[in-house]
Amino acid sequence: TNDITIKTTGEARHSGVWSNQAYRLEAAATADYQASIYIQDDYVKIDGLQISMSPNGQSATRGIAANTLTADHNQLLVSACLIKSNATGGNAQGIASFDPDANFKIWNNLVYDFSGYCVTGGNRFYIYNNTFYRCGTGISSGGALIKNNAAFDSTSGFDFANSFNSESTHNA
């Protein structure tokens, strides 16, 4: 199996806070449902990036999105990223997949300022050690395993919404 890794060099990597001096991927939507990074390959790792999505009045824009993956043969890894938006409406989402076959592992990220969900996905999502801040909803799931995440200041009043794996623990 071959995989795709998207990362920066050590000199261009952020230090844990947004920096205009570090590498950053900044996208501005021109249509609904656009993403800064849209994954349609089965084995992709995104590590240490700063990603910004400006919805520009478009609906359902996303920082990272995935779709049309091969059933049971994919793994999408997102780690150590800063993902933000300047959305005030339009259901913008930080990390999203509506593909029931998406196997996402999401860890050590800071996702913030999305008008919709910081993360939304299905029962093949494993989400741990993240901070979600000032989104419409922190995490919305159809059975994801979530551990050791902090979600706060959700404008909807729901930091965690829908259903989660019964082994999920230590989330605040």
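Before any of the text, the structure's been laid out above.
The shown structure was predicted, so the numbers you read here are calculated from the model rather than taken from an experiment.

Honestly, the overall build of the protein in this entry has me stumped. Any pointers?
When helices and strands are tallied, the protein shows zero helices and 17 strands. Over its C-alpha atoms the protein spans a radius of gyration of 15 Å, differing by no more than 12% from the 16 Å that the globule rule assigns to 172 residues. Counting only C-alpha atoms and orienting by the principal axes, one finds that the protein spans roughly 40 × 40 × 30 Å. Counting all 172 residues of the protein, 48% fall into the buried class. Sequence-distant contacts in the protein: of pairs separated by 6 or more residues, those separated by 24 or more amount to 52%. In the structure as shown, the protein presents an accessible area of about 8000 Å², 45% of it carried by carbon and sulfur atoms. Positive and negative charge centroids in the protein, built from 10 and 14 side chains respectively, lie 6 Å apart.

Where do I start with the nonpolar core in this structure?
In summary, soluble globular proteins display a tendency toward joint burial of nonpolar side chains. Counting 33 residues, the largest nonpolar core has Ile46, Ile64, Ile83, Ile95, Phe104 and Ile127 as the members making the most contacts within it. Top element by residues in this core is strand S15 (residues 137-147). It accounts for three residues. Those residues in contact with Ile127 that sit more than four places away from it in its chain are Ile106, Val119, Phe132, Ile139, Ala144, Leu145, Ile146, Lys147 and Asn149.

Just to check I follow, could you spell out the pattern of salt bridges for this structure?
This structure, assessed with the given rule, holds four salt bridges. Across the pair Arg24 and Glu26 runs a salt bridge, and its minimum N-O distance is 3.3 Å.

Even after reading the chapter, I still don't get the sheet that holds strand S14 (residues 131-133), so can you show me in this structure?
Two pairing modes exist for strands in a sheet, parallel and antiparallel, and in both the strands are linked by backbone hydrogen bonds. Spatially, the six strands line up as an open sheet ordered S2-S5-S8-S11-S14-S16, and their pairing is parallel. This sheet does not close on itself; its edge strands, each paired only once, are strand S2 (25-28) and strand S16 (150-152). Between one strand and the next, the sheet's axes are offset by a mean angle of 10 degrees, whatever the strand orientation. Taken together, the three bridges between strand S11 (residues 110-112) and S14 define a ladder with parallel strand orientation. The partner of Val111 across the bridge, within S14, is Phe132.

I would appreciate a short explanation of the packing of aromatic side chains in the present structure.
For any pair of aromatic rings, the description consists of the separation of the ring centres together with the inter-plane angle of the planes. Summed over the entire model, instances satisfying the criterion amount to five aromatic pairs. Judged by centre distance (5.9 Å) and plane angle (5 degrees), the rings of Trp107 and Tyr128 are stacked. Taken together, the residues Trp107 in strand S10 (residues 104-107) and Tyr128 in strand S13 (residues 125-128) connect sequence positions 21 residues apart. Measuring from ring centre to ring centre gives 6.3 Å for Phe160 and Phe164, while their planes differ by 80 degrees; the resulting arrangement is edge-to-face. Looking at Phe160, the relative accessible area reads 25%, which means it is partly exposed. Members of the aromatic cluster, each reached through a chain of ring pairs, are Trp107, Tyr126 and Tyr128.

How do you make sense of the environment of Glu11 when you look at a structure like this?
Structurally, Glu11 can be placed in the loop between strand S1 (4-7) and S2. Assessed through its relative accessible area of 75%, Glu11 is described here as exposed. Placed 55 residues apart in sequence, Glu11 and Ala66 show a C-alpha to C-alpha distance of 28 Å.

Is there a simple way to think about the environment of Ile139 in this case?
As for its position among the elements, Ile139 is in strand S15. Overall, Ile139 belongs to the buried group, its relative accessible area being 0%. Sequence separation between Ile139 and Ser59 is 80 residues, and the spatial gap between their C-alpha atoms is 19 Å. If we skip the residues at most four places from it in the chain, Ile139 touches Val119, Ile127, Phe132, Ile146, Asn149, Asp159, Phe160, Ala161 and Phe164.

I keep staring at the environment of Ala60 and nothing clicks. Help me out?
Turning to its location among the elements, Ala60 is positioned in the loop between strand S5 (50-54) and strand S6 (62-66). Sequence separation between Ala60 and Gly89 is 29 residues, and the spatial gap between their C-alpha atoms is 9.1 Å.

Calculation criteria
Residues numbered from 1 in each chain as written. Predicted model: local features only at pLDDT ≥ 70, side-chain atom pairs only at ≥ 80, totals over all residues. Heavy atoms only, no water. Helix = DSSP H or I, 4+ residues; strand = E, 2+ residues; numbered from the N terminus. Rg over C-alpha atoms; globule rule 2.2 N^0.38 Å. Buried < 20%, exposed > 50% of the residue type's maximum accessible area, 1.4 Å probe, protein only. Contact = heavy atoms within 4.5 Å. Areas by Shrake-Rupley, 256 points an atom, 1.4 Å probe, with all protein chains shown as cover. Lys, Arg positive; Asp, Glu negative; His and termini not counted. Charge placed at Lys NZ, Arg CZ, Asp CG, Glu CD. Core = buried A, V, L, I, M, F, W, Y, C linked by side-chain atoms within 4.5 Å. Salt bridge = Lys/Arg side-chain N within 4 Å of Asp/Glu carboxyl O. Pairing = 2+ DSSP bridges. Axes fitted to C-alpha atoms, helices over the stretch in contact; angles between N-to-C directions. Phe/Tyr/Trp six-rings, centres within 6.5 Å; stacked < 30°, edge-to-face > 60°.

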